[in-house]
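# Summary of the model geometry
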Amino acid sequence: MITSMTGFANVAKEFDFGAISLELRSVNHRYLEIQFRMPDEFKSVENPMREAIVAKLTRGKVDCRVAFAPKASSSGTPQLNDQALAQLAELSGKISARFPGHPPMSVAEILRWPGVVDMPGVSADALRDATLALVHDALAQLHDTRLREGAKLSAMLLERVTKMEDLAKKTAPMIPQIVKGYEEKLSAKIAESNLTPDDERIRAEVVLFASKVDVEEELDRLNAHLSEIRRILKTGGAVGKRLDFLMQELNREANTLGSKSVAVDISRTSMELKVLIEQMREQIQNIE
């Protein structure tokens, strides 16, 4: 199955030292980009978390948020970090000097500042193991949501592929009719002008016209690309870039079909193909 780059996961668990909640959000992106928002206690876990995410995802912009609520009974009495307070006071002084009218920070804001409050009794190893376990759970949940979204995208794409195949089938029989109509029209004009019909000349004109309006190769390539899209969607995996390339190829064939058009029906077919291709291209941007 194909996967969407759009997904969401939220997991939380109580541990002996407190509660950890972890949230993953992903949206479409050309490459894999990961951003972390978490308390200072978890900074040492960032690299292992990144490695776990990279091992499961190939594309998308991923936002990872971690929240931690330590247990008072197991973490001991919170202590103020004098070094962090000194740095915060220095920064606050510089801000006040630059913006004299700016109100000072409240006590609540100071306590929420990263690193100001130390929570003794919480093992760094315990935090790391617990967080990594939650990351794996969240990635499994995220994968499920991305698969569900991918299934919807696949169904939409296959629906458009079927419509394009139907348009190609309807277009192929039009060409002989167009050539025959041109031959009849050419013969009628010669007759109206009281000119002596020259069968060889008429046949030569008809052959030249037929070669100009022949779109068999374009339709063959169009159907080949559509078959490849079906195969890719059935195979699954990280196929977004390959599908995007096929959209360029489909658009090229649709443009050539329009440039060779000498009938309103074929021009309309070309426009309908372009509309379907654009609809597919927009959705493919969300596929991993």
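This structure is a prediction, so every number in the text was calculated from the model and none was measured.

## Concerning the packing of aromatic side chains
Counted under the stated rule, the structure contains three aromatic pairs. Centroid distance Phe 42 to Phe 68: 5.5 Å. Interplanar angle 75°. Geometry classified as edge-to-face. Note that Phe 42 is positioned in the loop between strand S3 (32-37) and helix H1 (46-56) and Phe 68 in strand S4 (residues 60-70), a separation of 26 residues in sequence. Its relative accessible area of 0% is what places Phe 42 among the buried residues. Put simply, the rings of Phe 15, Phe 17, Phe 42 and Phe 68 touch in pairs and so form one group of aromatic residues.

## Let's talk about the pattern of salt bridges
Applying the stated criterion across every chain yields a total of 16 salt bridges. Among the salt bridges present, the one from Arg 37 reaches Asp 63, with a minimum N-O distance of 2.5 Å. In this pair, Arg 37 is assigned in strand S3 and Asp 63 in strand S4, connecting sequence segments 26 residues apart. For Asp 63, a relative accessible area of 13% gives the class buried.

## Focus: the confidence of the model for the protein
When pLDDT is averaged along the protein, the result is 83, and 78% of the positions lie at 70 or above. Averaged pLDDT values over the elements of the protein bottom out at 54 in helix H2 (residues 72-75) and peak at 95 in S3.

## Considering helix H9 (residues 240-259)
The terminal C-alpha atoms of H9, which comprises 20 residues, lie 29 Å apart, in line with the 28 Å expected from a rise of 1.5 Å per residue. For H9, the complete set of buried residues consists of Gly 240, Leu 243, Leu 246, Met 247, Glu 249, Leu 250, Glu 253, Ala 254 and Leu 257.

## Details of the pairing of strand S2 (residues 18-27)
Taken together, the nine bridges between strand S1 (residues 7-15) and S2 define a ladder with antiparallel strand orientation. By the bridge assignment, Lys 13 is partnered in S2 with Ile 20. Joining the antiparallel neighbours S1 and S2 is a turn of two residues. Summarising the sheet, S2 and S4 pair through ten bridges and their orientation is antiparallel. Paired with Ile 20 across the strands is Phe 68, a residue of S4.

Calculation criteria
Residues numbered from 1 in each chain as written. Predicted model: local features only at pLDDT ≥ 70, side-chain atom pairs only at ≥ 80, totals over all residues. Heavy atoms only, no water. Phe/Tyr/Trp six-rings, centres within 6.5 Å; stacked < 30°, edge-to-face > 60°. Helix = DSSP H or I, 4+ residues; strand = E, 2+ residues; numbered from the N terminus. Buried < 20%, exposed > 50% of the residue type's maximum accessible area, 1.4 Å probe, protein only. Salt bridge = Lys/Arg side-chain N within 4 Å of Asp/Glu carboxyl O. pLDDT = per-residue confidence, 0-100. Expected span 1.5 Å × (residues − 1). Pairing = 2+ DSSP bridges.

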